[in-house]
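The residues making up each chain are set out below.
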Amino acid sequence: MADMMWAGRFSKQVDDRVNDFNSSVSFDARMYRQDIQGSVAHATMLGECGIIDIEESLAIVEGLKGILADIDSGKLHIDPNAEDIHMFVEAELTKRLGDTGKRLHTARSRNDQVALDIRMYLRDEITQIISYIEQLINTVIKLAEDNLTTIMPGYTHMQRAQPITFAHHVMAYAQMLLRDKGRLEDTYKRMNVLPLGSCALASTTYPINRDRVCELLGFDEVSQNSLDGVSDRDFCIELASALSILMLHLSRFSEEIILWCSWEFKFIELDDAFATGSSIMPQKKNPDVTELIRGKTARVYGDLNTLLTMMKGTPLAYNKDMQEDKPAIFDAIDTVKLCLKTFIPMLDTMKVIPENMRNAAARGFINATDCADYLVKKGMPFRDAYKITGTLVAKCIEKGLTLETLPIEEYKALCDVFDEGVYDAISLDTCVMQRKAKGGPAPERVKEQIEYVKRNLQK
Ligand code: ARG
């Protein structure tokens with residue numbers, strides 16, 4: 001077993017079991033690029049501040065760039081037995097430069113180094129996830145623009161409630177996704193603070209220039225308290241929270257798609273490339289993608305819970321518990337990206353079946369509110385109109401009719417305010433077209449919603 005860098009204080013080698021248990025390289029190796037970029041900035045600053053020789057600083061920067069290029073090209077493999085990615089890079093640098101390499105870790109600790117690397121890694125991931133969300137919103141908008149007049153029943157309690165359009169329905173998700181994007185942008189802002197220079201916990205006696213490192217690495221500001229800089233993971237928790245809410249939205253959308261593609265609804269048909277079959281039932285076409293998204297939502301919630309629970313009892317400042325942050329937050333981002341990557345083309349290729357939506361809208365008395373509103377517009381108090389309409393619905397059910405097919409005599413027998421105009425008032429098209437309050441399903445209003453979302457996407 002290789003000697004640990006910190007072996008000086010110890011009289012024995014670390015037990016292999018502890019070594020394996022302690023190592024995080026299997027999951028933090030993915031941050032090698034950020035680790036090296038952070039070290040390049042640190043070494044540059046050390047040279048500029050005269051903390052190390054300028055020549056040595058330049059040699060370190062070159063050495064680090066060489067390591068990065070070699071890992072990228074596959075020439076250098078990250079040692080799976082290394083303690084973590086930070087130790088690996090430093091050891092490799094020392095292997096290449098000798099004593100000069102040993103100067104890199106001046107005025108730095110792995111505690112601020114790891115806090116830096118995670119922030120840099122997650123910044124890039126957030127940017128990628130936001131771009132996926134934007135693609136998804138654009139897919140939703142396309143679906144909406146194609147279905148501005150596709151009438152479908154809107155539901156409450158899973159019961160047909162009032163007529164809406166498919167465009168209006170899916171645009172509700174566009175609004176949710178827009179907020180998800182906003183939450184990720186907020187998370188990014190609070191994450192984009194430089195912890196490097198906090199060192200182990202109490203900063204340093206060297207005359208470092210944190211602002212310079214901040215500038216080199218593109219952070220908005222430097223952290224204000226060295227203990228805080230190394231000991232909080234709230235930025236991971238915040239990201240996992242935003243991702244959990246995003247997954248919740250994807251999961252609800254998925255659940256609706258699962259219902260819509262069932263024979264009971266048949267509002268949509270999934271493309272064959274985005275559905276799966278059964279090993280025994282030849283007729284089956286299953287919506288596995290959406291079911292998996294529902295399932296993986298649980299997984300992301302689990303990651304959030306891991307992070308919250310991991311942090312709740314740790315005293316200041318760094319504790320090794322915090323190494324567990326990475327498997328959790330990496331799993332959350334990987335899962336979310338995988339879900340978005342598959343959901344977007346699935347939605348894009350999904351076929352809408354307007355006839356079936358309209359047939360469903362034509363049954364279930366979803367125009368009953370409009371029938372009551374018809375009486376109200378003729379001067380009747382809403383409660384009275386509500387009661388009369390309820391009686392009419394009961395009569396229709398008894399006779400096996402709908403409000404559209406119930407003869408005018410039956411209407412008049414119950415209330416003489418009714419005339420033939422009622423049929424127009426309760427036609428599904430009228431019901432939708434007249435719902436033109438701001439935020440409503442009337443096509444002109446949905447177009448406004450679409451414009452609103454498009455404007456926000458450009459911001
Ligand atoms: N691998 C460690 C982690 O992920 C790096 C920090 C180690 N710090 C320490 N004092 N042992 O948290």
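Description of the structure in this document.

Thresholds applied
- Residues numbered from 1 in each chain as written.
- Predicted model: local features only at pLDDT ≥ 70, side-chain atom pairs only at ≥ 80, totals over all residues.
- Heavy atoms only, no water.
- Axes fitted to C-alpha atoms, helices over the stretch in contact; angles between N-to-C directions.
- Helix = DSSP H or I, 4+ residues; strand = E, 2+ residues; numbered from the N terminus.
- Parallel < 35°, antiparallel > 145°, perpendicular 65-115°, else oblique.
- Left-handed = near helix turned anticlockwise from the far one by under 90°.
- Contact = heavy atoms within 4.5 Å.
- Nonpolar A, V, L, I, M, F, W, Y, C, P; charged D, E, K, R; others polar.
- Pairing = 2+ DSSP bridges.
- Phe/Tyr/Trp six-rings, centres within 6.5 Å; stacked < 30°, edge-to-face > 60°.
- Buried < 20%, exposed > 50% of the residue type's maximum accessible area, 1.4 Å probe, protein only.
- Near = heavy atom within 4 Å.
- Polar contact = N/O pair within 3.5 Å; in protein donor to acceptor, adjacent residues only side chain to side chain.
- Areas by Shrake-Rupley, 256 points an atom, 1.4 Å probe, with all protein chains shown as cover.
- Disulfide = S-S within 2.5 Å.

1. Quick look at the packing of helix α3 (residues 32-48) against helix α6 (residues 110-146)
Part 1 of the reasoning: As a packed pair, α3 and α6 sit with axes 9 Å apart at the nearest point and diverge in direction by 120°. Taken together, α3 and α6 sit at an angle that is classed as oblique. Regarding α3 and α6, the two cross each other, and that crossing is right-handed. Where α3 approaches α6, its residues Q34, D35, Q37, G38 and S39 are matched on the opposing element by Q113, L116, D117, M120, Y121 and D124.
Part 2 of the reasoning: Considered class by class, the residues forming the contact of α3 with α6 number 3 nonpolar, 5 polar and 3 charged.

2. A few points about the pairing of strand β1 (residues 151-156)
Part 1 of the reasoning: Note: β1 against strand β2 (residues 159-165), 6 bridges, orientation antiparallel. Residue pairing across strands places Y155 opposite R160, the latter belonging to β2.

3. Focus: the packing of aromatic side chains
Part 1 of the reasoning: For the structure on display, the rule yields 10 aromatic pairs.
Part 2 of the reasoning: Centre to centre, the rings of F166 and W260 are 5.4 Å apart; their planes meet at 65°, and the pair counts as edge-to-face. One end of the pair, F166, is in helix α7 (residues 166-191); the other, W260, is in helix α10 (residues 234-260), with 94 residues separating them in the sequence.
Part 3 of the reasoning: By relative accessible area, W260 is classed as buried at 3%.
Part 4 of the reasoning: On the numbers, 4.0 Å between centres and 0° between planes, the contact of Y173 with F253 is stacked. Residue Y173 is found in helix α7, and its partner F253 is found in helix α10; the two are separated by 80 residues along the sequence. The residues Y173 and F253 share a single accessibility class, namely buried.

4. Details of the site of the ligand
Part 1 of the reasoning: Residues in close proximity to the ligand include S24, D28, D84, H86, R110, N111, V114, Y318, Q323 and K326, which together make up its full environment.
Part 2 of the reasoning: In this structure, a nitrogen atom belonging to the ligand sits 3.0 Å away from a side-chain N or O atom of S24.
Part 3 of the reasoning: Between Y318 and the ligand, the recorded distance is 2.5 Å, taken from a side-chain N or O atom to an oxygen atom.
Part 4 of the reasoning: When the ligand is considered free in solution it has 340 Å² of accessible area, and contact with the protein chains removes 86% of it.
Part 5 of the reasoning: No other element matches α6, which puts 3 residues into the shell around the ligand.
Part 6 of the reasoning: Looking at the shell around the ligand residue by residue, the class counts come to 2 nonpolar, 4 polar and 4 charged.

5. Comments concerning the packing of helix α4 (residues 54-73) against helix α5 (residues 85-97)
Between two packed helices, both the angle of their axes relative to each other and the distance between the axes serve to describe the pair.
Part 1 of the reasoning: Where α4 contacts α5, the two axes come as close as 10 Å, and the packing angle between them is 115°. Judged by the sense of rotation from one axis to the other, the crossing of α4 with α5 is right-handed. Facing A59, I60, G63, L64, G66, I67, D70 and I71 of α4, the residues of α5 in contact are F88, V89, E92, L93, R96 and L97.
Part 2 of the reasoning: Its residues assigned to classes, the contact of α4 with α5 comprises 9 nonpolar, 2 polar and 3 charged.

6. Overview of the environment of K399
Part 1 of the reasoning: Within the secondary structure layout, K399 lies in helix α15 (residues 382-399).
Part 2 of the reasoning: In this structure K399 comes out as partly exposed when scored by relative accessible area, which is 43%.
Part 3 of the reasoning: Spatially, the C-alpha atom of K399 lies 29 Å from that of G379, the residues being 20 residues apart in sequence.

7. Description of the state of the cysteines
Part 1 of the reasoning: Throughout the structure, instances matching the rule amount to 0 disulfides.
Part 2 of the reasoning: Here C339 is not cross-linked by a disulfide; its sulfur's nearest cysteine counterpart is in C261, at 17 Å.
Part 3 of the reasoning: We note that C396 lacks a disulfide partner, and the nearest cysteine sulfur, in C371, lies 8.7 Å from it.

Honestly, it's all geometry; don't read function into it.
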